[in-house]
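Summary of structural features
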Amino acid sequence: MIVLNDDVVLIQKGTKLGEPCVITVNCPDKTGLGCDICRTILNFGLYITKGDISTDGIWCYIVLWVIPHSSSHIIRWSNLKDRLISICPPCSVSYCFNQQSDCTAPSPVYLLKFFCLDRKGLLHDVTQVLSELELAIQRVKVTTTPDGRVLDLFFITDNMELLHTKKRQDDTLEQLYAVLGESCISCELQLAGPEYENHQCISSLSPGIAEELFRCELSDKESHSQALSPDMTILKKASVTVDNSLSPAHTLLQIHCVDHKGLVYDILRTLKDCNIKISYGRFSQNTKGYRDLDLFIQQKDGKKIVDPEKQSALCSRLKVEMLHPLRVVISNRGPDTELLVANPVELSGKGRPRVFFDATLALKMLGICIFSAEIGRHSTSDREWEVYKFLLEENCEFQLLNMVGRNQIVDRVRRILMGW
């Protein structure tokens, strides 16, 4: 039996310029649904200004107020609605009682390969086209030849699940040719073969760089390559408190921290990975750069969190994930300079959206050419990370061998990534 519900996802656009759009989701509940919705919204370049989540464990109701991160960014609202509907559980009576998620087959991976003359901002321009086409970048391998040409390998999946059609492939190649222009020598698109598996892991990281990127906490004495600039040291402060006195069935989690791009997603993905259920949540608006969130939560077994050790571990984990969701390091790679960006991967295997987009945008804005780039996964003792490596060309206004210049690059890249 199917429950007729044409209002699973509603999007109400603002009536005035700059006014938030309201996204309403009304569907059966599932573990991590709020995280999946916020991840999709982040992937579309949207910022959540405030929100409410309510669920009885069977059915949930979510209202989010969103605005684009950039005024120049084009939002395809109908595509966003389709994507949100696709991640919502089906509105059927059997699903509401069984609470079992459908296991969908992974999207096929395609190899986009192009060979062209190099120029500043090329990598970001291609990334922007793929983003606008809703093609998700899974892995990248970029190589520059001595004669100033680049061979780029993009392993991509199609969020619209249409890349198997000739029309979708032709549209993709046409838009890529448009941005590459006369510098394009060749451009091909085909299903990825065994070469995709060969690009799953990145080239080896030195023990020192790995320790700096993946340490559990970044101390006040962190090295210069990841240090915060003086006006950003306040961002290292956050408050997470637990209160069991206000509800007989739920633990109240109160969060106060500096706002950043994807903050709500970072909090909800952490709770999802910790098997914490949200029964009710409210996200306040940004006030002087800070956000407050009140979340009534339960453990997977439906009980409150009363164990002090579990409370402390959850609060500590949330602080780390909120304060340092993205790690940025600049280091030497032989005689060359390398920029590394890392973010934790969800237990579901999903990486953070738009990191490659924002990192390449930052380098383009800085006027720095990318000699080579790659995306891969790196596993530590307790989790998996997505790592982005950029080998930087020396011919830029920054002195790459100078610590001041390096700190400026790290600072600017981090600001773009975090939306500051």
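Residues numbered from 1 in each chain as written. Predicted model: local features only at pLDDT ≥ 70, side-chain atom pairs only at ≥ 80, totals over all residues. Heavy atoms only, no water.

Each helix and strand in the chain was counted, giving 11 helices and 16 strands. Residues classed as buried in the chain amount to 51% of the 420 residues present. Put simply, of all contacts in the chain between residues at least 6 apart along the chain, 70% involve residues at least 24 apart. (Helix = DSSP H or I, 4+ residues; strand = E, 2+ residues; numbered from the N terminus. Buried < 20%, exposed > 50% of the residue type's maximum accessible area, 1.4 Å probe, protein only. Contact = heavy atoms within 4.5 Å.)

Of all 11 residues in helix α10 (residues 355-365), 8 are buried; the element is thus mostly enclosed. Buried within α10 are the following residues: V355, F356, F357, D358, A359, T360, A362 and L363.

What follows is about the packing of helix α4 (residues 122-132) against helix α5 (residues 166-180). Direction vectors running N to C along α4 and α5 enclose 155 degrees, while the axes themselves pass 10 Å from each other. Accordingly, the angle class assigned to the pair α4 and α5 is roughly antiparallel. As for the relative orientation of α4 and α5, their crossing is right-handed in sense. Listed contacts from α5 to L122, D125, V126 and V129 of α4 are Q175, L176, V179 and L180. (Axes fitted to C-alpha atoms, helices over the stretch in contact; angles between N-to-C directions. Parallel < 35°, antiparallel > 145°, perpendicular 65-115°, else oblique. Left-handed = near helix turned anticlockwise from the far one by under 90°.)

This part takes up the packing of aromatic side chains. Following the criterion strictly, the structure yields 6 aromatic pairs and no others. Ring geometry for F154 and F356: centres 6.5 Å apart, planes at 80 degrees, overall edge-to-face. You can see F154 sitting in strand β7 (residues 149-158) and its partner F356 sitting in helix α10, a full 202 residues away along the chain. Like F356, F154 is buried. Relative to W385, the ring of F214 lies with its centre 5.0 Å away and its plane at 45 degrees, an arrangement referred to as tilted. Placement of the pair is F214 in helix α7 (residues 207-214) and W385 in strand β16 (residues 384-392), with a sequence separation of 171 residues. Judged by its relative accessible area of 2%, W385 is buried. Among the aromatic residues, ring-to-ring pairing joins F114, F154, F356, Y388 and F390 into one connected group. Taking the ring centre of F357 as reference, the NZ or CZ of R354 above it sits at 4.3 Å. Between the NZ or CZ atom of R383 and the centre of the ring of W385, over which it lies, the distance is 5.3 Å. (Phe/Tyr/Trp six-rings, centres within 6.5 Å; stacked < 30°, edge-to-face > 60°. Lys NZ or Arg CZ within 6 Å of the ring centre and 35° of its normal.)

Let us now look at the pattern of salt bridges. Side-chain pairs of opposite charge can arise where the charged atoms are in close proximity. Overall, the coordinates contain 27 salt bridges when judged by the stated rule. Residue E386 is joined to R377 by a salt bridge in which the shortest nitrogen-to-oxygen separation is 3.2 Å. Across this residue pair, the class does not change: E386 and R377 are buried. It is possible to trace a salt-bridge network through shared partners that takes in D266, R269, R317, E321, R352 and R383. (Salt bridge = Lys/Arg side-chain N within 4 Å of Asp/Glu carboxyl O.)

Take the environment of W77 next. Its place among the elements puts W77 in helix α2 (residues 77-87). Look at W77 and you get buried, because its relative accessible area is 15%. With residues near it in sequence (within four places) discarded, W77 still touches I11, K13, C21, L46 and V66.

To continue, consider unusual backbone geometry. The phi torsion at E161 lies on the positive side, around 55 degrees, for a residue other than glycine. Position of E161 relative to the elements: it lies in the loop between β7 and α5. The exposure class of E161 is partly exposed, given its relative accessible area of 41%.

As a further point, take the pairing of strand β15 (residues 370-379). Across the 10 residues that make up β15, a large majority, 7, are buried. Strand direction decides the pairing type here: strand β6 (residues 135-144) and β15, joined by 3 bridges, are antiparallel. Its bridge partner lying in β15, T143 is registered against S372. Note: β15 against β16, 9 bridges, orientation antiparallel. Across the sheet, the residue bridging to S379 is E384, located in β16. Connecting β15 to the next strand, β16, in antiparallel fashion are 4 residues. (Pairing = 2+ DSSP bridges.)

Below, the discussion takes up the nonpolar core. Core analysis: the largest hydrophobic core is formed by 50 residues, its most contacted members being I37, V66, I255, I267, L268, L271 and L295. When sequence neighbours within four positions are dropped, the list of residues in contact with L271 reads L253, I276, I278, L295, L314 and L318. If you look at the next biggest cluster of nonpolar residues, it comprises 47 residues, including V140, C184, L189 and M418. (Core = buried A, V, L, I, M, F, W, Y, C linked by side-chain atoms within 4.5 Å.)

Once that is clear, we can look at the packing of helix α8 (residues 263-273) against helix α9 (residues 308-323). Where α8 contacts α9, the two axes come as close as 9 Å, and the packing angle between them is 145 degrees. With respect to the hand of their crossing, α8 and α9 are arranged in right-handed fashion. Contacts between α8 and α9 involve L263, D266, I267, R269, T270, L271 and D273 from the former and L314, R317, L318, E321 and M322 from the latter. Its residues placed into classes, the contact of α8 with α9 shows 6 nonpolar, 1 polar and 5 charged. (Nonpolar A, V, L, I, M, F, W, Y, C, P; charged D, E, K, R; others polar.)

Bear in mind that shape data such as this cannot, by itself, settle questions of function.
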